[in-house]
Amino acid sequence: MNVVFVTYYGALLYALCVMAPVVLTAVCFPRRKNFAVRTVLSSAAIVGVQCLMAFFINLYAKSGGVTHLLTLNTVRFFLMYLMSGAWVAVCFETDIWGALFCANNGYCVQHISARVHSVITDCIVPGSIVGGWSDVLGLALAAVFCAAYYFFAVRVLRKKRQSIMGGHSGIIVAVVVVASSIYYNSVGISHANYVITYYDIALGRSIVLFVYIMSTVVAFLAMTVNFGISMQRNLEYESVVLKNLIAEQKNAYERDRQNMEMLNVKLHDVKHHIRSLKGEIYDGEIAELDESLEIYDSNVRCGNEVLDTLFTQKAFYCNRNGIKLTVLIDGEKLSFVRDHELYILMCNALDNAVCGVKNLPPEKRVISVTSSARSGFVNITVENYFDGTLDIKDGLPVTNKTGVGHGYGMKSMKLIAEKYDGTVKASTRGDTFVLDIMLCNNK
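Please read all numbers here as calculations on a predicted model, not as lab measurements.

Attention shifts here to the overall build of the chain. Counting secondary structure elements, the chain contains 12 helices and 7 strands. Here the chain, with 443 residues, has 40% of them falling under the buried criterion. Considering only contacts within the chain whose residues lie at least 6 apart along the sequence, 74% involve residues at least 24 apart. Entry remark: accessible area of the chain is about 24300 Å², with carbon and sulfur atoms responsible for 61%.

Within the fold, Ser-84 resides in helix H3 (residues 69–91). In terms of polar contacts, Ser-84 uses its side chain to reach the backbone carbonyl oxygen of Tyr-81, at 2.6 Å.

The strand order across the open sheet formed by 5 strands is S1-S2-S3-S7-S6, and the pairing between neighbours is mixed. In the strand order of this sheet, the two ends are held by strand S1 (324–328) and strand S6 (423–429), each with one partner. Across the sheet, the mean angle separating the axes of adjacent strands is 15° when strand polarity is ignored. Where S6 meets strand S7 (residues 432–440), 7 bridges bridge the pair, whose relative direction is antiparallel. By the bridge assignment for S7, Lys-425 is matched with Asp-436. Packing of helix H11 (residues 339–357) onto the sheet brings it into contact with S1, strand S2 (366–374), strand S3 (377–385) and S7, and relative to S3 it is tilted by some 20°.

A word on the nonpolar core. Counting residues in hydrophobic clusters, the biggest one holds 44 residues, and the most contacted among them are Met-346, Ile-367, Val-369, Leu-435 and Ile-437. Among the secondary structure elements, those contributing two or more residues to this core are helix H10 (305–320), S1, H11, S2, S3, helix H12 (408–419), S6 and S7.

A few words now on a nonpolar patch on the surface. Among the surface-exposed residues, Leu-209, Ile-213, Val-217, Phe-220 and Leu-221 lie close enough to one another that they form a single nonpolar patch of about 430 Å² accessible area. Within the fold, Leu-209 resides in helix H8 (residues 201–276). In this structure Leu-209 comes out as partly exposed when scored by relative accessible area, which is 32%.

A positive phi is found at Asn-34, a non-glycine position, where the angle reads about 60°. Assignment of secondary structure puts Asn-34 in the loop between helix H1 (3–26) and helix H2 (35–62). The class of Asn-34 is exposed, set by a relative accessible area of 57%. At Asp-421, a residue that is not glycine, the phi angle is positive and equals roughly 55°. Here Asp-421 is to be found in the loop between H12 and S6.

The next subject is H2. Over its 28 residues, H2 runs 40 Å from end to end, which matches the ideal 40 Å to within 8%, given 1.5 Å per residue. Buried within H2 we find Phe-35, Thr-39, Ser-42, Ile-46, Gln-50, Cys-51, Met-53, Ala-54 and Ile-57.

Attention now moves to empty space enclosed by the protein. A complete count under the given rule lists 1 cavity of 30 Å³ or more for this structure. Estimates place the volume of the largest cavity at around 30 Å³. For the largest cavity, the full set of lining residues is Ala-349, Asn-352, Ala-353, Val-382, Asn-384, Phe-433 and Leu-435. Those elements that provide at least two residues to the lining of the largest cavity are H11, S3 and S7. It is H11 that provides the largest number of residues to the lining of the largest cavity, a total of 3 residues. Residue composition of the lining of the largest cavity, grouped by class: 5 nonpolar, 2 polar and no charged.

For the pair H10 and H11, the least separation of the axes is 9 Å and the interaxial angle reads 20°. Overall, the two elements H10 and H11 adopt an arrangement that is roughly parallel. In the crossing of H10 with H11, the sense of the turn from one axis to the other is right-handed. Of H11, the residues touching H10 (which contributes Val-306, Leu-307, Leu-310, Phe-311, Gln-313, Lys-314, Tyr-317 and Cys-318) are Asp-339, Leu-342, Tyr-343, Met-346, Cys-347, Leu-350, Asp-351 and Val-354. Of the residues belonging to the contact of H10 with H11, the class tally is 12 nonpolar, 1 polar and 3 charged.

Attention now moves to the packing of aromatic side chains. Applying the stated criterion across every chain yields a total of 8 aromatic pairs. Geometrically, the ring pair formed by Tyr-81 and Tyr-107 is edge-to-face, given 6.4 Å between the ring centres and 75° between the ring planes. Of this pair, Tyr-81 sits in helix H3 while Tyr-107 sits in helix H4 (residues 96–124), and the two are 26 residues apart along the sequence. Comparing Tyr-81 with Tyr-107 shows no difference in burial state: the two are buried. With a centroid separation of 5.0 Å and an interplanar angle of 85°, the aromatic rings of Phe-151 and Phe-152 are classed as edge-to-face. The exposure class of Phe-151 is partly exposed, given its relative accessible area of 43%. Joined through ring pairs, the aromatic side chains of Phe-35, Trp-87 and Phe-92 make up one cluster. Its end group placed over the ring of Phe-35, Arg-31 keeps NZ or CZ at 4.4 Å from the ring centre.

Thresholds, definitions, all that
- Residues numbered from 1 in each chain as written.
- Predicted model: local features only at pLDDT ≥ 70, side-chain atom pairs only at ≥ 80, totals over all residues.
- Heavy atoms only, no water.
- Helix = DSSP H or I, 4+ residues; strand = E, 2+ residues; numbered from the N terminus.
- Buried < 20%, exposed > 50% of the residue type's maximum accessible area, 1.4 Å probe, protein only.
- Contact = heavy atoms within 4.5 Å.
- Areas by Shrake-Rupley, 256 points an atom, 1.4 Å probe, with all protein chains shown as cover.
- Polar contact = N/O pair within 3.5 Å; in protein donor to acceptor, adjacent residues only side chain to side chain.
- Pairing = 2+ DSSP bridges.
- Axes fitted to C-alpha atoms, helices over the stretch in contact; angles between N-to-C directions.
- Core = buried A, V, L, I, M, F, W, Y, C linked by side-chain atoms within 4.5 Å.
- Patch = residues over 30% accessible without salt bridge, like charges linked within 9 Å, V, L, I, M, F, W, Y side chains within 5 Å.
- Salt bridge = Lys/Arg side-chain N within 4 Å of Asp/Glu carboxyl O.
- Expected span 1.5 Å × (residues − 1).
- 1 Å grid on protein atoms, 1.4 Å probe; cavity = no way out; pocket = protein on both sides within 12 Å on 5 of 7 lines; lining within 4 Å.
- Points joined across faces, edges and corners; volume = space filled by probe spheres on them.
- Nonpolar A, V, L, I, M, F, W, Y, C, P; charged D, E, K, R; others polar.
- Parallel < 35°, antiparallel > 145°, perpendicular 65-115°, else oblique.
- Left-handed = near helix turned anticlockwise from the far one by under 90°.
- Phe/Tyr/Trp six-rings, centres within 6.5 Å; stacked < 30°, edge-to-face > 60°.
- Lys NZ or Arg CZ within 6 Å of the ring centre and 35° of its normal.

Following this line, the structure appears as structure tokens:
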């Protein structure tokens, strides 16, 4: 096997082992237009640069050059790190911080697998025994660590429907750590080889093992910091979205309450005016007008002003859309819940129920709201038919919709329920969706 082929082969293996975890991370981002073309061209650039660097480094070494060999190898590794980040930025819709996030983790996963491979071949099993299987072992270890990385890191983000959100300062720290790891790993191995050649073989091997272990730990810590910061930023983002959503729904309650009060006043005035016309128009026309007004005067009374406003509004919507809404709830038992929180809690529950039945056959457009109270606890149950399948995780349905705000309605309900030492739990019984809300009156 000639030198050129070996050089290219090693460069391709190295590029593949770095890019595999980078790709696994980057697929969390949306693709850019002309994704296939961008991928092919940027991947070709990476392979070309790596092969060119490896080829000239090999020629430099073969010609007897050793002075700048360490520097050239460090530049080659760092170029691969930077180009992997550039590949993400070119192919996917993300900023420089998202690209660096992917590059950091790509290098760290490759570095860990490579160092484990080195420990096995240099310190545990003699290289003469491994022989030609060294590359196969390296690829196998890279595959194992990529799979572990995907299962324990990337998959966790996806299951939680979180996006990659790296803090700028955290990403910069990770970049500095990765760059330092690249340099000092090369320096450490070079120093160990010097000790082995000119001083003590046993001491040199001990230094090699120490460098391998420390660089592996550093790479793992850098990757952990990366994901830790990302998950923290996701939590901060969710907190802001929930606060904004709750504030918007609080304002919506005030608007609905004022509108309902105004509508009731107007209805009362109109009815009074119609009664004053008795004798001037036919009784049949008066009855017809009264029947028309009943649609707008279908007030629901359950002993709680907030719920009366909400259920009346939803009943009006349901009447117009052929949905049967049944409410059997004792609103007085819920007087301990703050007005806007009770409105948000029940508004989200009803909106989800309406969304679940509005496209069903007429006989299944049914929503039932009931409540029961016992030993200081109030339990509210909302039931409705649904079509298809539901993915329920941690007691809450997982939304398939995308965009800002989707999925946060249920989270806001859970947040409010927990404030009252309660719970929100979703379940299914056949084709019926059941939402149980339990609240505790601590007063």
